[in-house]
Amino acid sequence: MYPDEFDYYEAETIEDAIDLLEEHSMAETELLAGGHSLLPAMKTGLSSPEVLIDISQIDELRDIPVEDDTLVIGAMTRYSDLLDAETAHEHAPALTAAVEWVGDQQVRNRGTLGGNLAHADPASDLPGPALVSDASLVVHGPDSERRVPAEEFYFGMYATDLGPSEILTGIEVPSAADAVGSYVKKPSPSSGYAMVGVATLLTMDGDTVSSVRVGANGIMDHGV
Ligand SMILES: Cc1cc2nc3c(=O)[nH]c(=O)nc-3n(C[C@H](O)[C@H](O)[C@H](O)COP(=O)(O)OP(=O)(O)OC[C@H]3O[C@@H](n4cnc5c(N)ncnc54)[C@H](O)[C@@H]3O)c2cc1C
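Fair warning: this is a prediction, and the values are worked out from it, not measured in the lab. (Residues numbered from 1 in each chain as written. Predicted model: local features only at pLDDT ≥ 70, side-chain atom pairs only at ≥ 80, totals over all residues. Heavy atoms only, no water.)

Caption draft 1: Quick look at the overall build of the protein. A count of helical and extended segments in the protein gives nine helices and 13 strands. Taking 17 Å as the expected radius of gyration for a compact globule of 224 residues, we find that the protein reaches 17 Å, a close match to that expectation. With the C-alpha coordinates of the protein rotated into their principal frame, the extents come out at 60 × 40 × 30 Å. Counting all 224 residues of the protein, 47% fall into the buried class. For the protein, contacts bridging at least 24 residues in sequence account for 58% of all contacts bridging at least 6. In the form shown here, the protein has an accessible surface area of approximately 11000 Å², with 49% of it arising from carbon and sulfur atoms. Charge centroids of the protein, computed over 10 positive and 40 negative side chains, lie 9 Å from each other. (Helix = DSSP H or I, 4+ residues; strand = E, 2+ residues; numbered from the N terminus. Rg over C-alpha atoms; globule rule 2.2 N^0.38 Å. Buried < 20%, exposed > 50% of the residue type's maximum accessible area, 1.4 Å probe, protein only. Contact = heavy atoms within 4.5 Å. Areas by Shrake-Rupley, 256 points an atom, 1.4 Å probe, with all protein chains shown as cover. Lys, Arg positive; Asp, Glu negative; His and termini not counted. Charge placed at Lys NZ, Arg CZ, Asp CG, Glu CD.)

Below is the structure:
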């Protein structure tokens, strides 16, 4: 199947992307990140944007630095880039455990963490782990930058706190280097998405568990 016709723009910077979103605010607009949710939706006619803004060439969205005990994951970080980063396994063990379950190698080579979290598919693997990791989502808009705790980001199926001219630029994860994280899912036999996926984060005080956080995907209209 072929998508309907659309106008295509390539953003070079975050500001560029926001300007394009504002300029085309009267049209149905989508950001193109890894394209692994958007393009299937366009090909099957579920989504027919009039304007596509490609953010995949914005290099500043692909860093994964550790700043002040926080792992900062650029929104355009691909799953495979995260799994290659030792610091990500160390500081965000629940999130990296979940990324290992996403799709197959091809999907992990193209799909992005920002695209996954912004898309808000209730059966995707990352919202629950983002919640147990106490992550905040960094959102840039015209003249604004805000941080939204993951627990306030999701409103329902495919519905988030992102405004029409806003872009998710990063995910901030407080270091859980002293914790043990895990993720296990029962995949749908047809799609591989989560029928249910459970993330846990155990904070250790020596050999003693001092706190337990549990999150889940697939069981409600958004991660819990
Ligand atoms: C065969 C296959 C199997 C898959 N299996 C799984 C799986 O097991 N688990 C799983 O979790 N996912 C799975 N996926 C989905 C995959 O993880 C997608 O990559 C992900 O859901 C979307 O990320 P993306 O970068 O491809 O975003 P895109 O498809 O490019 O964009 C998706 C949506 O998010 C918006 N968006 C993207 N980036 C931003 C941003 N920075 N700011 C604001 N909005 C943004 C776009 O406008 C669009 O509406 C699978 C996909 C395929 C094709």
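Caption draft 2: Expanded view of helix H1 (residues 14-23). Of all the positions in H1, only Ile14, Ala17, Ile18, Leu20 and Leu21 are classed as buried. Viewed along the axis of H1, the buried residues span an arc of 160 degrees, placing them on a single side of the element. Buried positions along H1 lie against strand E1 (7-10), strand E2 (29-32), strand E3 (51-54), strand E6 (136-141) and strand E10 (167-174). (Arc of directions from axis to C-beta.)

Caption draft 3: Region of the structure containing the pattern of salt bridges. With the rule as written, the count across this model stands at six salt bridges. The salt bridge partner of arginine 62 is aspartate 81, with a shortest N-O separation of 2.7 Å. Here arginine 62, found in the loop between E3 and strand E4 (66-67), pairs with aspartate 81, found in helix H3 (residues 79-84); they are 19 residues apart in sequence, far enough to count as distant. Residue aspartate 81 is classed as partly exposed on the basis of its relative accessible area, which comes to 25%. (Salt bridge = Lys/Arg side-chain N within 4 Å of Asp/Glu carboxyl O.)

Caption draft 4: The site of the ligand, seen in detail. Near the ligand, the surroundings consist of 30 residues, among which Glu30, Leu38, Tyr79, Thr112 and Asp125 are the closest. With respect to the ligand, the side chain of glutamate 30 contributes an N or O atom lying 2.5 Å from an oxygen atom. A distance of 3.4 Å is found between an oxygen atom of the ligand and a backbone nitrogen or oxygen belonging to glycine 192. In isolation the ligand has 970 Å² of accessible area, and contact with the protein removes 88% of it. (Near = heavy atom within 4 Å. Polar contact = N/O pair within 3.5 Å; in protein donor to acceptor, adjacent residues only side chain to side chain.)

Caption draft 5: How the structure looks around the sheet that holds E4. The sheet built from five strands is open, its strands ordered E4-E5-E10-E6-E7 with antiparallel pairing. The open sheet has two edge strands with one neighbour each: E4 and strand E7 (144-149). (Pairing = 2+ DSSP bridges.)

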